[in-house]
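Residue-level structure breakdown
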Amino acid sequence: MAQRIIVDPITRIEGHLRVEVVVDENNVVQEAYSGSTLWRGIETIVKGRDPRDAGFLTQRICGVCTFSHYKAGIVAVEDALGITPPLNAILTRTLMNAALFLHDHIVHFYQLHALDWVDIVSALSADVKKASDEAFKYTNMPYATGADKLLEVKQRVKTFVDKGNLGPFANAYYGHPTYKLTPEQNLIALSHYLECLRVQRIVAQCMAIFGAKNPHPQSLTVGGVTCVMDLLSPARLGEYIEKIKEVVDFVNRAYYPDLIMAGKAYANEPSVINDVGVPNLLTYKEFQIGANDWLFDSGYIKNGDLSKVYEVDESLITEEATHSWYKNDKPLHPYDGETDPNYTGFVDMKTVNGKGQMVDSKAFDTKGKYSWIKAPRYDSMPMQVGPLANIAVNYAKGNKLVVEAVDKFLKDSGLPISAVLSTLGRTATRCIEASIIANNIHKAFDNLVENLKIDESTCADYKIDPNKEYKGRYIGNVPRGMLSHWCRIKDGVISNWQAVVPSTWNASPKDSKGVGGSYEQCLIGLKIADVKQPLEIIRKIHSYDPCIACAVHVMDTKGNNLSEYKMNVNA
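Residues numbered from 1 in each chain as written. Predicted model: local features only at pLDDT ≥ 70, side-chain atom pairs only at ≥ 80, totals over all residues. Heavy atoms only, no water.

Here we come to the sheet that holds strand β14 (residues 470–478). Read from one edge to the other, the open sheet built from three strands follows the order β14-β15-β16, with strand pairing classed as antiparallel. Looking along the sheet, the strands with just one partner apiece sit at the ends: β14 and β16 (493–500). The mean angle between the axes of side-by-side strands here comes to 15°, regardless of whether they run parallel or antiparallel. Alignment of β14 against strand β15 (residues 481–490), held across nine bridges, turns out to be antiparallel. Each residue of the ladder has a partner; that of I475, found in β15, is S484. (Pairing = 2+ DSSP bridges. Helix = DSSP H or I, 4+ residues; strand = E, 2+ residues; numbered from the N terminus. Axes fitted to C-alpha atoms, helices over the stretch in contact; angles between N-to-C directions.)

Spelled out as C-alpha cells, the structure:
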C-alpha cells in the first residue's frame, strides 16, 4: 500500500524546505513533492526606490550568499543604464566572489552535508594510527591527520558523547546502512570538519578586506567599487593573498582528498548514483579574471547529452505558478513577473511519522498549490543549475581548466564520467568548482595589481534620466547555480524587480504539464532503507546546497497579516 512520508523541515539548509514522498510497499519512492512554506518580500520592497539602493536591499534576500545578490542587484542596474565598470572594479568583485564561493563550498560540504556521508559515532572506534596512514591514500600531504591530531579530535568528540549530547553532531542517523566510510575514514573527515570551522573564518576575512564586513559587504556601488584605499594599500592586498593561500591549501589538502575518499567509498551505493534529477543542465558565464578572460562559460545541455551544448537565449526564461501560491499562473518572462499571493493552505491526510506509524497530518495539496517557490522554465523545460551543471557544460565545451580538473578527479577516484550525473556527482562537482577557483584566483589578483600600476580608476561616471525608461538584468553563476535579477526603471525609480535564483530552478514545484523540478525528479525511484530514518532523501536534497530563503518571494502589498508565528524560546 502506498504511504506518504513528510520530511519537514529539511535541516542544515538556509530557509525552510518541506519534502513529501509517496512510497510503495517496498519503500520505493513513486512520487515526490518539494515546497517552501516561508517567504521573502524583497521584490516588493525595492519598488519605488532609487535604483542605486537596489543592491544593498537585494543582498538581504539571504544571509549566506549575500554577495551574490548584492552583486546581482548592482549589475542589473548597471546593465539597465549601460554602465561598464573599470577593470579594477571588475577584478575586485571577482576576488570577493572567490571568497564567497570558497566559503560557501567548504562550509556546505563539512558543516551542512558531511553528516549525510560521515558517521561521527563510528569515528569513535577508529584506530588513530591506521587513520593517519589511510589519509596518505588520497594525498601525499594530508591536512590535520597526524596520529596525535586525530587522537585529540577523537577525544573531543568523546567528551560530547560522555556528556550524553553530541553537540553539533546530534540528531543524525548514525548506524544507517547507507553509510559507507570506515571508522578511520570517518575520523579523517571529522578532523577536517573541525578544521573547516577555523578556515571558514579566514575566508570570511578575505571578503571583509575589500567589502568592509561579512556577511553583507558594503563596497559595491553602481558603476564600480568604493574600497579605493584598500586597493591602493600594499598591506591590504598582501593580507588578502596570504589569507586566500591558506584557504587554497585547505581545499587542495583536505576538501579534495575527502571527495576522492568519499567517491571511492560510495561508488556502488545505489542511493547516490544514477539519479541526476532534471537532466537539462543550465549555467552562465562567471569569474572574469582578466580583461577578456573568464573561468567558466555559458551554455545548456539537454537530457544529459554531453556531446552537444546549446547557447543560452535569455528571452526563453519564464516563471509560472500553477502549483505555487500566487494568483497569475501564466508563464511570464521575469521582466514582466508578478508576485501576487494566493495562499490556499494544506489538506488533511494520513502520513507516516518518525516512528513508522500512520497519523493524521496536514499535507501538500498536490492537485492544487503547494509552495511559495515558483516554477522557472527555459523554453518550457525544467532545468538543473548548480556546480554539476556548470562543470558538465564547461567540460562538454572543452574548457581546458574544467577538462583537466574533471579528468583528474575521475582518474583519482576511479569513477566513470557518468558518475558526475548523480547525487555523488553534485557533491563532487562542487569541490571541483572550488578547486578550479582556488587554483586560479591568483590570476585575477595579479591582473588587478598590474592594472593598478597604470590605472587607479574604480568607478564609472553615469546619470539616470528621470524621463527615460530602462530595463536591465544580471545573469551569472553563483555558488548554487545560475542566478538572474531583472529590473525595470521608470521616473527615476524601480518599477519592477524579479529574482530567479538557483534554488527556484532546482526546488521548483510541478508546472502546468505536471513536470517537477530537480529536487522532485531526483527522488523518484529511490529506495529508502528505513522510512523512520530517511537519510537517503536528506542526502540527495542536501547535494543541491538548498537556499530556500533565496527561492521564495511574496509580499501582501495591502499590508494584510498573512500568518502569525509564536516561538517558545524556552522549549
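Having seen the model, we can carry on.
Of the residues in the chain, 96% reach a pLDDT of 70 or more, and the chain-wide mean stands at 94. Contacts of residues 565–571 to residues separated by more than four positions or lying in other chains number three contacts, the stretch itself having pLDDT below 50. (pLDDT = per-residue confidence, 0-100. Contact = heavy atoms within 4.5 Å.)

Let's shift gears to the side chain of T66. By secondary structure assignment, the location of T66 is in helix α3 (residues 66–81). Residue contacts for T66: discarding those within four places in its chain leaves Q59, P215, H216 and P217.

Its 32 residues place the ends of helix α10 (residues 234–265) 46 Å apart at the C-alpha level, agreeing with the 46 Å of an ideal helix rising 1.5 Å per residue. The largest bend in α10 is about 35°, located at V251. (Expected span 1.5 Å × (residues − 1). Bend = angle between axes of the 7 residues up to and from the residue.)

Here we come to the packing of aromatic side chains. The relation between two aromatic rings is expressed through the spacing of the ring centres and the mutual angle of the planes. Throughout the structure, instances matching the rule amount to 26 aromatic pairs. Their ring planes at 55° and their centres at 4.8 Å tell us that Y519 and Y544 sit as a pair that is tilted. Of this pair, Y519 sits in helix α16 (residues 518–523) while Y544 sits in the loop between α17 (535–542) and α18 (548–551), and the two are 25 residues apart along the sequence. Comparing Y519 with Y544 shows no difference in burial state: the two are buried. Ring-pair connections join several aromatic residues into one group, and the members of that group are Y33, W325, Y326, Y343, F346, F364, Y370 and W372. It is R539 that lies over the ring of W117; its NZ or CZ is 5.3 Å from the centre. (Phe/Tyr/Trp six-rings, centres within 6.5 Å; stacked < 30°, edge-to-face > 60°. Buried < 20%, exposed > 50% of the residue type's maximum accessible area, 1.4 Å probe, protein only. Lys NZ or Arg CZ within 6 Å of the ring centre and 35° of its normal.)

The biggest cluster of nonpolar side chains holds 154 residues, and the ones touching the most others in it are F169, Y240 and L523. In this structure F169 touches L115, I120, V157, F160, Y174, L190, Y193 and L194, once residues within four positions along its chain are discounted. Membership of the second largest hydrophobic core comes to 14 residues, among which are Y335, Y378, W486 and W505. (Core = buried A, V, L, I, M, F, W, Y, C linked by side-chain atoms within 4.5 Å.)

This next bit is on helix α7 (residues 147–162). Relative to the 22 Å expected for 16 residues at 1.5 Å per residue, α7 spans 22 Å between its end C-alpha atoms, a close match to the ideal helical length. Turning to α7, its buried residues number three or more, namely L150, V153, K154 and V157. Here the buried residues of α7 occupy an arc of 95° about the axis, which is enough to place them on one side. Exposed residues lying more than 90 degrees from the buried face of α7 are D148 and D162. Buried residues in α7 make contact with α5 (120–123), α6 (128–135) and α8 (183–211). (Arc of directions from axis to C-beta.)

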